[in-house]
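So you can see what is in the structure, the chains are spelled out below.
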Amino acid sequence: MRSQQPVLLDVKGLDVAYGKAEVVHGVDLTIHRGEFVVLLGRNGAGKTTTLAASTGLIPKRGGRISLADRDVTNATPREIVAAGAVHVLEGHRVFTSLSVEDNLLIGTYARASGGDRSKLERVYSLFPEMAQKRHDHASRLSGGQQQILAVAQGIIGEPQLLILDEPSSGLAPVVIDRILQVARQLADEGVAILLVEQLVEKALNVADHCYLMATGEIAAQGSPDDIRAGDTLNRVFLGGH
Ligand SMILES: Nc1ncnc2c1ncn2[C@@H]1O[C@H](COP(=O)(O)OP(=O)(O)OP(=O)(O)O)[C@@H](O)[C@H]1O
């Protein structure tokens, strides 16, 4: 059964176009408080575009978006962050000329807790390797470590909704598992998670609810078990939908 918590993010009838090419058509997507939602689909299905339009990063052609009972359809990315949603972008890189710790502190400025050092310890306990490297320049981190730092930068702002666009890309399997585990832990603590992920089975293992996207539309939704049970996964990933 789907979460009974109140709806946190409500996307209705979202249409997005790049120039004349409409790539997202009539997408409806809801996330409840503390729910872990995964958005799956083949390359080019429109997942990243859906996230970016939902957080005000790219313009919408149509649709309405509400976040924590506020209409944020026309809100700027900054207003969306202030309303409680932090979006960690695909392939996000950090400020390489700053230390790990300064990069994290920037994350606290995203929300009202700006500059609050007390938030650092929590993130260091989730990602101990960041604690070890707290005084290193982010340029000295590997690509994978920078990716973890980007996720940590999102978490430290204590969002109500954390949006993660392919946080696993380029990471070793063991690191991917850790990031997904941390995201699951946050959801258990009441933070809603919206994850876009190519690693279908790993994502289904941690999510509460799944949306499958194909050619700019929601092709199916359900619990991970529902999604595994039907032929929808094959249809969306292998078929020509
Ligand atoms: N800036 C852009 N300008 C024009 N077309 C774009 C732009 N970004 C994405 N597209 C096109 O929009 C469609 C949806 O892309 P999008 O990146 O949202 O898909 P995706 O499901 O996130 O794929 P991936 O898993 O590869 O990131 C694709 O056909 C893509 O080529």
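Residues numbered from 1 in each chain as written. Predicted model: local features only at pLDDT ≥ 70, side-chain atom pairs only at ≥ 80, totals over all residues. Heavy atoms only, no water.

Enquirer: Before we move on, can you summarise the overall build of the protein chain with the specific residues and values?
Expert: Within the protein chain, the regular secondary structure consists of 10 helices and 10 strands. Each principal axis of the C-alpha distribution contributes one length, and for the protein chain these read about 50 × 40 × 35 Å. Within the protein chain, the fraction of its 241 residues that count as buried is 51%. In the protein chain, 67% of the contacts between residues at least 6 apart in sequence involve partners at least 24 apart. Here the protein chain has roughly 10,700 Å² of accessible surface; of this, 50% comes from carbon and sulfur atoms. (Helix = DSSP H or I, 4+ residues; strand = E, 2+ residues; numbered from the N terminus. Buried < 20%, exposed > 50% of the residue type's maximum accessible area, 1.4 Å probe, protein only. Contact = heavy atoms within 4.5 Å. Areas by Shrake-Rupley, 256 points an atom, 1.4 Å probe, with all protein chains shown as cover.)

Enquirer: I'd like a rundown of the nonpolar core, residues and numbers included.
Expert: The biggest cluster of nonpolar side chains holds 50 residues, and the ones touching the most others in it are L40, L104, F127, I155, L162 and I193. Among residues more than four places away in sequence, those in contact with L162 are V86, V88, G154, I155, L186, V191, A192, I193 and L194. In terms of nonpolar packing, the next biggest core, distinct from the first, is built from 30 residues, L9, L194, V196 and Y211 among them. (Core = buried A, V, L, I, M, F, W, Y, C linked by side-chain atoms within 4.5 Å.)

Enquirer: Can you tell me about the packing of helix α4 (residues 118–126) against helix α6 (residues 143–156), naming the residues and giving the values?
Expert: It is at 10 Å that the axes of α4 and α6 come closest, and there the two elements cross at 140 degrees. On the basis of their axis angle, the class for α4 and α6 is oblique. Considering how the two elements wind past one another, α4 and α6 form a crossing that is right-handed. Contacts from K119, L120, V123 and L126 in α4 reach A152, I155 and I156 in α6. Of the residues assigned to the contact of α4 with α6, the class counts are 6 nonpolar, no polar and 1 charged. (Axes fitted to C-alpha atoms, helices over the stretch in contact; angles between N-to-C directions. Parallel < 35°, antiparallel > 145°, perpendicular 65-115°, else oblique. Left-handed = near helix turned anticlockwise from the far one by under 90°. Nonpolar A, V, L, I, M, F, W, Y, C, P; charged D, E, K, R; others polar.)

Enquirer: Give a detailed account of the site of the ligand, specifying residues and quantitative values.
Expert: Around the ligand sit 13 residues in total, of which G44, K47, T48, T49 and Q198 are the nearest. Within the backbone of G46, a nitrogen or oxygen atom sits 2.9 Å from an oxygen atom of the ligand. With 3 residues, helix α1 (residues 47–54) is the single largest residue contributor to the shell around the ligand. (Near = heavy atom within 4 Å. Polar contact = N/O pair within 3.5 Å; in protein donor to acceptor, adjacent residues only side chain to side chain.)

Enquirer: So, the environment of L199: which residues are in play, and what are the values?
Expert: Relative to the helices and strands, L199 is located in the loop between β8 (192–196) and α8 (200–206). When sequence neighbours within four positions are dropped, the list of residues in contact with L199 reads S168 and I176.

Enquirer: Lay out the pattern of salt bridges with the relevant residues and their values.
Expert: Within this structure, the stated rule accounts for 15 salt bridges. Between E158 and K119 there is a salt bridge whose closest N-O contact spans 3.4 Å. One end of the pair, E158, is in the loop between α6 and β7 (161–165); the other, K119, is in helix α4, and 39 residues separate them in sequence. Residues E129 and R178 are paired through a salt bridge, measuring 3.1 Å at the closest nitrogen-oxygen approach. Of this pair, E129 sits in helix α5 (residues 128–132) while R178 sits in helix α7 (residues 173–188), and the two are 49 residues apart along the sequence. Residue R178 is classed as partly exposed on the basis of its relative accessible area, which comes to 25%. (Salt bridge = Lys/Arg side-chain N within 4 Å of Asp/Glu carboxyl O.)

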